[in-house]
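# Structure at a glance
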Amino acid sequence: MKILLTGASGFIGRHLAQALTAEGHQVTPISRRSGQDMQTLLTPEAWLPFLQGVDAVINSVGIIAETRGQTFEKLHHLAPAALFRACEQAGIRRVVQISALGADAEAFTPYQLSKYAADEVLRSLPLEGVVLSPSLVYGQGGVSMALFQRLANLPLIPLVGDGQYQVQPVHISDVVATVLQCLHTLPAQRTLDVVGAQPLTFVEWLQQLRRAAGKRPAPTLAIPFAVVMASAHVGRFVMPLLHPDNLRMLQRGNVADVTPLAAFLGRIPLSVEEGLCCI
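Let me sum up the structure you'll find in this document. Just so you know, these numbers come straight off a predicted model, no measurement behind them.

## As for the overall build of the chain
From N to C terminus, the chain includes 11 helices and 12 strands. For the chain, whose C-alpha radius of gyration is 19 Å, the value lies close to the compact-globule estimate of 19 Å for 279 residues. In the chain, buried positions account for 53% of the 279 residues. Summarising the internal contacts of the chain: among those between residues at least 6 apart in sequence, 79% fall at separations of at least 24. Counting every atom, the chain has about 12400 Å² of accessible surface; 56% of that belongs to carbon and sulfur.

So this is what it looks like as structure tokens:
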């Protein structure tokens, strides 16, 4: 297939481009690195020249924090929505939208709400569109993965609150496998949660990272959520992942039933232990 891949230079996009090329597909990348700024592609007409001869579209654009040059509304909502409408005009039916777990009717942060807005546009169109909602994606080259590894390697691990909120990390290879499967076989539902084999607490996740690095479990220091939030208003300028909204999403938890994904893939996704062995 000839596949248009947005966000091709990002963490997920790079892994997708490599896998798609290995399968023999022709990838047309859309990213700032390849010379396109999605924030200027806000109408279907702007996208149509890129869709000539394209068989399928994968949108993997995502930012975890806004900057002066990048906003959630343009990158997560308006540009993808315009792309999806352009696909309808160009007769391209197979579209895969990589959204995020928590981007649903209960979304409460600008990050989630902007993703959800684009998801709803795709679901409203007469396309063979699939919304994939990954949990925390980890693997080689992931920015959040690097941050969590740094935290896990400290002799005393600081925690936001008690660290008992749950996450369900999914390895990048399982995200890629799900996207590739969507190009050939549609899942039973238009939205599919993409999660790891089982949920675990945030503390367990960090201790798993320590074990993968050959270290023994470390003691933890619970920092009251209010204290962390107060410092995050300053810390987010140094490290965008520490934005207060990201901490709120982390505290809320990020888990889902793995059964639909396992049925779609024909196997259980990797456990954290298995996934960390691949890094």
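Text resumes after the structure shown.
## Considering the nonpolar core
Within the largest apolar cluster, 30 residues are counted, with the highest numbers of intra-cluster contacts made by Trp47 and Val57. Per-element tally for this core: the top contributor is helix H3 (residues 72–90), with nine residues. The next biggest cluster of nonpolar side chains, apart from the first, holds 29 residues, and it includes Ala8, Phe11, Val96 and Phe264.

## Points about the pairing of strand E1 (residues 2–6)
With four of five residues buried, E1 lies mostly within the body of the structure. Relative to strand E2 (residues 26–30), E1 runs parallel, the two sharing five bridges. When the bridges of E2 are listed, threonine 6 appears paired with isoleucine 30. As for the winding sense of the linkage, the β-α-β connection from E1 through helix H1 (residues 11–22) to E2 is right-handed. Looking at chain direction, E1 and strand E3 (residues 56–59) are connected through four bridges and run parallel. Within E3, the position partnered with threonine 6 by the bridge is asparagine 59.

## Considerations on the pairing of E3
The side chains of a regular strand alternate, first on one face of the sheet and then on the other. Going residue by residue along E3, you find Ala56 and Ile58 tucked away on one face and Val57 and Asn59 tucked away on the opposite face as well. Alignment of E3 against strand E4 (residues 94–98), held across four bridges, turns out to be parallel. In the sheet register, isoleucine 58 faces E4, and the bridge partner there is valine 96. Read from E3 through H3 to E4, the crossover connection turns out right-handed.

Here is what the cut-offs are and how they apply
- Residues numbered from 1 in each chain as written.
- Predicted model: local features only at pLDDT ≥ 70, side-chain atom pairs only at ≥ 80, totals over all residues.
- Heavy atoms only, no water.
- Helix = DSSP H or I, 4+ residues; strand = E, 2+ residues; numbered from the N terminus.
- Rg over C-alpha atoms; globule rule 2.2 N^0.38 Å.
- Buried < 20%, exposed > 50% of the residue type's maximum accessible area, 1.4 Å probe, protein only.
- Contact = heavy atoms within 4.5 Å.
- Areas by Shrake-Rupley, 256 points an atom, 1.4 Å probe, with all protein chains shown as cover.
- Core = buried A, V, L, I, M, F, W, Y, C linked by side-chain atoms within 4.5 Å.
- Pairing = 2+ DSSP bridges.
- Right-handed = clockwise from strand over helix to strand, strands pointing away.

Honestly, it's all geometry; don't read function into it.
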